[in-house]
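Structure at a glance
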Amino acid sequence: MISPVPSALDPAAPVTGPAPWWGVPVIAGAFLLAGAVLALLAIALSDRRKLNREDRRRWDREIRDTYLEITRHLARITAFRYQVLTDEDERQLRYQAGAYALAGMREQVAMLEVIGTPALIAKAHELEDRTGVVVSLWHELINPGKPEYRALHTARNEFLDAVKDSIRVEQYQPRT
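Here the structure is a predicted model, which is why all the values come from computation and not from measurement.

Moving on, we get to the overall build of the chain. Each helix and strand in the chain was counted, giving 4 helices and 0 strands. Put simply, of all contacts in the chain between residues at least 6 apart along the chain, 74% involve residues at least 24 apart. Accessible surface, the chain: about 12,900 Å² in total, of which carbon and sulfur atoms supply 61%.

In structure tokens, the structure reads:
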């Protein structure tokens, strides 16, 4: 049996009419608002990543500059290693210059305590300790082959490696 087709006059038939005049603008406004919120979130995340990257670059630059300053102080100290001074006044001047350079190095190590990683700070303190030992030995005749100088050189290389790790510089690996 075929079901009867509802007629336009049948009260049980659903009445369809035109959409309300405000429907389309409300739907368009909702999509516009959702798009604006998504764009705002995307821009905020992008800016945050950019600021974090810039902060990291700035701290890497600070660590690099601190390393260079420590190296300058270390060079002032190691410049005396081949000088044999017999005059007591010259020895005293050398010791004062070394003590001044060591004090400058300690200032830079203190800066690294604020901005460095724990591994970097440990290597900086080790270098500072080795440098202090060398300066304290200056009352003796300088022998560049002493184990203290070898230990100082090793501590400097380990400090350099820690700086490279801290600022994400890839280490050179020889081919095997």
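Moving on: the packing of aromatic side chains. One pass over the full model with this rule turns up 1 aromatic pair. Pairing tyrosine 67 with phenylalanine 159 gives two aromatic rings, centres 5.6 Å apart and planes at 35°, and the pair type is tilted. Pair noted here: tyrosine 67 is in helix α1 (residues 23-78) and phenylalanine 159 is in helix α4 (residues 147-166), with a separation of 92 residues, a long-range link. According to the relative accessible area criterion, tyrosine 67 is buried, its value standing at 9%. By relative accessible area, phenylalanine 159 is classed as buried at 1%. We note arginine 58 situated over the ring of tryptophan 59; from NZ or CZ to the ring centre the distance is 4.7 Å.

Attention now moves to the packing of helix α2 (residues 88-115) against helix α3 (residues 118-136). Between α2 and α3, the least distance of the axes is 10 Å, while the angle of their chain directions is 170°. Taken as axis vectors, α2 and α3 run roughly antiparallel relative to one another. For the pair α2 and α3, the contacting residues are Tyr95, Gly98, Ala99, Leu102, Met105, Arg106, Val109, Leu112 and Glu113 in the first and Leu120, Ile121, Ala124, His125, Glu128, Thr131, Gly132, Val135 and Ser136 in the second. Taken together, the residues of the contact of α2 with α3 sort by class into 10 nonpolar, 5 polar and 3 charged.

This part covers α2. Between its first and last C-alpha, α2 extends 41 Å over 28 residues, near the 40 Å set by a 1.5 Å rise per residue. All of the buried residues in α2 are Arg91, Arg94, Gly98, Ala101, Leu102, Gly104, Met105, Gln108, Val109, Leu112 and Ile115. Those residues of α2 hidden inside the fold are in contact with α1, α3 and α4.

Here the focus is α1. Here α1 contains 56 residues, and its C-alpha end-to-end distance of 82 Å stays within 8% of the 82 Å for a straight helix at 1.5 Å per residue. Listed as buried for α1 are Gly23, Asp60, Ile63, Thr66, Tyr67, Ile70, His73, Leu74, Ile77 and Thr78.

Below, the discussion takes up the pattern of salt bridges. Scanning the entire structure with this criterion turns up 8 salt bridges. For the salt bridge of glutamate 54 with arginine 57, the shortest nitrogen-to-oxygen distance reads 2.6 Å. Of the two residues, glutamate 54 and arginine 57 both sit in helix α1, 3 residues apart, roughly one turn of that helix. Owing to a relative accessible area of 37%, glutamate 54 belongs among the partly exposed residues under this scheme. In this structure, glutamate 158 engages lysine 123 in a salt bridge whose closest nitrogen and oxygen atoms are separated by 3.4 Å. With glutamate 158 in helix α4 and lysine 123 in helix α3, the pair connects residues that are 35 residues apart, well separated along the chain. When its relative accessible area of 28% is taken as the criterion, glutamate 158 is described as partly exposed.

What follows covers the nonpolar core. If you look at the biggest cluster of nonpolar residues, it comprises 25 residues, and the most contacted ones within it are Leu112 and Phe159. Put simply, the parts of the chain that give this core at least two residues each are α1, α2, α3 and α4. When residues no more than four places from it in sequence are discounted, the contact partners of phenylalanine 159 are Tyr67, Ile70, Leu112, Leu120, Lys123, Ala124 and Leu127.

Moving on to a nonpolar patch on the surface. A contiguous nonpolar surface patch, about 410 Å² in accessible area, is contributed by Leu33, Val37, Leu38 and Leu41. Relative to the helices and strands, leucine 41 resides in helix α1. Taking relative accessible area as the criterion, leucine 41 reaches 49% and is therefore assigned partly exposed.

Rules of the game
Residues numbered from 1 in each chain as written. Predicted model: local features only at pLDDT ≥ 70, side-chain atom pairs only at ≥ 80, totals over all residues. Heavy atoms only, no water. Helix = DSSP H or I, 4+ residues; strand = E, 2+ residues; numbered from the N terminus. Contact = heavy atoms within 4.5 Å. Areas by Shrake-Rupley, 256 points an atom, 1.4 Å probe, with all protein chains shown as cover. Phe/Tyr/Trp six-rings, centres within 6.5 Å; stacked < 30°, edge-to-face > 60°. Buried < 20%, exposed > 50% of the residue type's maximum accessible area, 1.4 Å probe, protein only. Lys NZ or Arg CZ within 6 Å of the ring centre and 35° of its normal. Axes fitted to C-alpha atoms, helices over the stretch in contact; angles between N-to-C directions. Parallel < 35°, antiparallel > 145°, perpendicular 65-115°, else oblique. Nonpolar A, V, L, I, M, F, W, Y, C, P; charged D, E, K, R; others polar. Expected span 1.5 Å × (residues − 1). Salt bridge = Lys/Arg side-chain N within 4 Å of Asp/Glu carboxyl O. Core = buried A, V, L, I, M, F, W, Y, C linked by side-chain atoms within 4.5 Å. Patch = residues over 30% accessible without salt bridge, like charges linked within 9 Å, V, L, I, M, F, W, Y side chains within 5 Å.

Without other data, these values stay purely geometric and don't point to any function.
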